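# Commentary on secondary and tertiary structure
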Amino acid sequence: MRLSRYFLPVLKETPAEAQIVSHRLMLRAGMIKQAASGIYSWLPLGYKVLRRIEQIVHEEQARAGHIPMLMPTLQSADLWRESGRYDDYGEEMLRVTDRHGRDMLYGPTNEELITDIFRAHVGSYKDLPLTLYHIQWKFRDEVRPRFGVMRGREFYMKDGYNFDVDKDAAVHAYNRHMVSYLRTYERMGLKAIPMRADTGPIGGDLSHEFLVLAETGESEVFYDAAIADLKFGDRDVDYDDRGECAGIVTEWTTPYARTDETHDAAVFEESVPEDRRRRSRAIEVGQIFYFGTKYSEPMGATVVDDHGTHVPVHMGSHGIGVSRLVGAIIEASHDENGIIWPEGVTPFHCGIVNLKQGDAEADAACETLYAALTARGLEPLYDDRDERAGAKFATMDLVGLPWRITVGPRGLKNGVVELTCRRSGESTEMTPEDAVARLVEIYAPHRG
Ligand code: ATP
Ligand code: MG
């Protein structure tokens, strides 16, 4: 993309209404614009990051054997009356009435809708296990929408639902989700720690939240420093192997890690040596639940088991805050000059800064680089504006592309350009061909 033709409305001033750094940087980098309280338009740069995150979620769900679909945002109130949640959900639910006087609602989550689909089409244990998911906009009329996309009213969420014949199978689905989530967040450059959590309005008896440590987080967490050192890495996991998934879950749930809702000071002090006890703020970026037959029983979602008996199906639900993640990643990865995107989610793979726009040689070198990167499947953002070098660098730093190639007449005399790492600030001179080769190598592990 050529910056002269792009739509990147960066702001010079720090917006006064933004209280936390991710919100400020998303506004300044022209990623979002507020449309109404807690509701945002995703401008091109923000939309690109949202899509990258969504893509990683899809790829990791596919790896775990989960099946994508799409359910609507508007739902009928009748389904929610069946589960009893129409009254229970309270003020957070946005209720609407259509022209025929029918009660509708903008879905805050989809347990009822998916259970209705399941009961209409699945009748036998032979069709299980089954895990369906979608990535769709949700609406929760939060009392205090704040922090930009971190606590919006309209937000983008991946929600998945597993259907299993009995508790053991459903616990395996739970474990499988935990494993696939660990991998998902790591690919986004995040350390998201699974912590034992309350089940809240979703119900059930087994739940973990995934938390990213950050001062501005709304959750208070207590954990053993040992868990922050665990790395999932590039393991080859057989998601059908119950023992293997359970082993990974044990590895990640043995060190103490709980939110304030489930924190037990006595257990914390007993089980964690003092020098490893940590208390921090954190951002919830996902949550998984096993809730058994909480919805299947009242809604009559049963299967015939291998004895010919109708049994209510065992379920769980599993959410990832896709739009919140954009903010959470920035909270975890920025400096005083702007965002620093992890390679896995960056909107463009690298920036190209032309130090002397209009200089025939510099322009030609940038065009050649642009074409070479594109041919290798990389997407550069080329700052081809007639601007001072300082202004171009400031924009690149603000929007946070992890790599920048700087092209100027002086370097070109020696046949070199400069490759700069946004995170370390380190620059290396090399030929344009080497710069392209280096970037191809850097991004190779980040391709799905
Ligand atoms: P919270 O405690 O932050 O209100 P929740 O526990 O009610 O969230 P879940 O039902 O677990 O949310 O939804 C799954 C994920 O969706 C959350 O882990 C979070 O990342 C994201 N999410 C929930 N509410 C919001 C919101 N208002 N804005 C943006 N993302 C949200
Ligand atoms: Mg939650």
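Going along each chain's sequence as written, the residues are numbered from 1 onward. All chains are assigned letters beginning at A, and all ligands numbers beginning at 1, according to the order in which they are written. Whole-chain, interface and lining totals are the exception, using all residues; otherwise, since this is a predicted model, local features are given only for residues with pLDDT of at least 70 and side-chain atom pairs are given and counted only at 80 or more. Based on all heavy atoms of the structure, the side-chain values leave hydrogens and waters out of the count.

## Side note on the overall build of the protein chain
By the criteria applied, helices consist of DSSP H or I runs no shorter than four residues and strands consist of E runs no shorter than two, each listed in order from the N terminus. Of regular secondary structure, the protein chain possesses 15 helices and 23 strands. Classification of the 448 residues of the protein chain by burial places 54% in the buried group. Nonlocal contacts in the protein chain, meaning residues at least 24 apart in sequence, comprise 71% of its contacts between residues at least 6 apart. All accessible-area figures derive from a Shrake-Rupley calculation using a 1.4 Å probe, and residue coverage is judged against the displayed protein chains alone. Split by element, the accessible area of the protein chain, about 19700 Å² in all, is 48% carbon and sulfur. Across the protein chain, the centroid of the 53 positively charged side chains sits 5 Å from that of the 71 negatively charged ones. Relative accessibility decides the category of a residue: with a 1.4 Å probe and only protein chains considered, values under 20% of the type maximum give buried, values over 50% give exposed, and everything between is partly exposed. Pairs of residues are marked as contacts when any of their non-hydrogen atoms sit within 4.5 Å. Charged residues are defined narrowly, with Lys and Arg counted positive, Asp and Glu counted negative, and His plus the chain ends left uncounted. Charge positions are represented by NZ for Lys, CZ for Arg, CG for Asp and CD for Glu.

## Thoughts on the domain arrangement of the protein chain
The accessible area lost on association of the parts is a frequent measure of interface size. Domain start and end points were adopted from an automatic or database domain assignment. The assigned domain composition of the protein chain is domain 1 (33-335) and domain 2 (348-446). Domain 1 and domain 2 are separated by 39 Å when their C-alpha centres are compared. The partner domain 2 presents seven residues to the six residues of domain 1 that form the contact. Summed over both partners, the accessible area (1.4 Å probe) lost when two parts come together is defined as the buried area. Taking both partners together, domain 1 and domain 2 bury about 550 Å²; carbon and sulfur atoms supply 38% of that area. Criterion for a salt bridge: a side-chain nitrogen of Lys or Arg within 4 Å of a carboxyl oxygen of Asp or Glu. The tally of links between domain 1 and domain 2 comes to three salt bridges. In this structure, lysine 48 engages glutamate 379 in a salt bridge whose closest nitrogen and oxygen atoms are separated by 2.8 Å. Definition of a polar contact: a pair of N or O atoms within 3.5 Å, with one able to donate and the other able to accept a hydrogen when the atoms are protein atoms, and with sequence-neighbouring residues admitted only if both atoms are side-chain atoms. One can count four residue pairs in polar contact (both at pLDDT 80 or more) joining domain 1 with domain 2. If one sorts the elements of the side of domain 1 that touches domain 2 by residue count, helix α2 (residues 44-63) sits on top with three residues. Of the residues contributing to the side of domain 1 that touches domain 2, the split by class is one nonpolar, one polar and four charged. Note that Gly is not counted as nonpolar here; it falls among the polar residues with everything else outside the nonpolar set of Ala, Val, Leu, Ile, Met, Phe, Trp, Tyr, Cys and Pro and the charged set of Asp, Glu, Lys and Arg.

## Examining the sheet that holds strand β6 (residues 103-106)
At least two DSSP bridges between two strands are needed for those strands to be called paired. Overall, antiparallel pairing links the three strands, which are arranged β4-β6-β5 in an open sheet. Since the sheet does not close on itself, it has two edges, and those belong to β4 (74-76) and β5 (94-97), each with one partner. Neighbouring strand axes in the sheet, compared pairwise and without regard to direction, differ in orientation by 35° on average. The pairing of β5 with β6 spans four bridges and is antiparallel. Looking at β6, one finds that arginine 95 is bridged to leucine 105. Orientation is described by lines fitted to C-alpha atoms, with helices fitted over the stretch in contact, and by angles between N-to-C directions that extend from 0 to 180 degrees.

## Thoughts on the side chain of lysine 392
Within the fold, lysine 392 resides in helix α13 (residues 389-399). Buried and without a salt bridge, lysine 392 has aspartate 383 as its closest oppositely charged side chain, separated by 4.3 Å. Sequence-distant contacts of lysine 392, that is, excluding residues within four places in its chain, are made with Val353, Asn354, Gln357, Asp383, Asp384, Arg385 and Glu387.

## Considerations on the coordination of the magnesium ion (ligand 2)
Here the coordinating atoms are restricted to nitrogen, oxygen and sulfur within 2.8 Å of the metal centre, or 3.2 Å for Na, K and Ca, and because water is not among them the sites may look incomplete. Surrounding the magnesium ion (ligand 2) are the protein donor atoms Glu284 (OE) and Gln287 (OE1), at 1.9 to 2.2 Å. Residue class for glutamate 284 comes out partly exposed when judged on its relative accessible area of 24%. According to the relative accessible area criterion, glutamine 287 is buried, its value standing at 11%.

## Some details on the pattern of salt bridges
Inspection of every chain in the model, using the stated rule, returns 28 salt bridges. Measuring nitrogen to oxygen at the nearest pair gives 2.7 Å for the salt bridge that ties aspartate 224 to arginine 276. Here aspartate 224, found in strand β11 (residues 219-224), pairs with arginine 276, found in the loop between α9 (265-271) and β13 (277-292); they are 52 residues apart in sequence, far enough to count as distant. The partner of aspartate 383 in a salt bridge is arginine 385, and the shortest N-O contact between them spans 2.9 Å. In this structure aspartate 383 comes out as buried when scored by relative accessible area, which is 0%. A single network of salt bridges, built from pairs that share partners, joins Glu59, Glu60, Arg63, Arg183, Arg187 and Asp234.

## So, the site of ligand 1
Around ligand 1 sit 14 residues, and of these Glu142, Arg151, Gly152, Glu284 and Arg324 come closest. At 2.7 Å from an oxygen atom of ligand 1 is found a side-chain nitrogen or oxygen belonging to arginine 151. Within the contact set of ligand 1, an oxygen atom lies 3.2 Å away from a backbone nitrogen or oxygen of glycine 286. Here ligand 1 loses 84% of its free accessible area of 580 Å² to cover by the protein chains. If you list the elements that add at least two residues to the shell around ligand 1, you get β8 (154-164) and β13. No other element matches the four residues that β13 contributes to the shell around ligand 1. Grouping the amino acids of the shell around ligand 1 by side-chain chemistry returns five nonpolar, four polar and five charged. Consider each residue's heavy atoms; a residue with any of them within 4 Å of a molecule or strand counts as near.

## Remarks on the packing of aromatic side chains
Think of a pair of aromatic rings as described by two things: how far the centres are apart, and how the planes are tilted against each other in angle. Ring pairs shown here join Phe, Tyr and Trp side chains whose ring centres sit within 6.5 Å, with only the six-membered ring taken for Trp; geometry is labelled stacked below 30 degrees between planes, edge-to-face above 60, and tilted in between. Within the structure shown, the criterion is met by twelve aromatic pairs. Ring centres 6.0 Å apart and planes at 80° place the aromatic pair phenylalanine 222 and phenylalanine 268 in the edge-to-face group. Of this pair, phenylalanine 222 sits in strand β11 while phenylalanine 268 is found in helix α9, placing the two residues 46 residues apart along the sequence. Both residues of the pair, phenylalanine 222 and phenylalanine 268, belong to the buried class. Judged by centre distance (4.8 Å) and plane angle (40°), the rings of tyrosine 256 and phenylalanine 268 are tilted. You can see tyrosine 256 sitting in the loop between α8 (242-253) and β12 (257-259) and its partner phenylalanine 268 sitting in helix α9, a full twelve residues away along the chain. Look at phenylalanine 268 and you get buried, because its relative accessible area is 7%. Within the aromatic cluster, the residues linked to one another by ring pairs are Tyr181, Tyr185 and Phe210.

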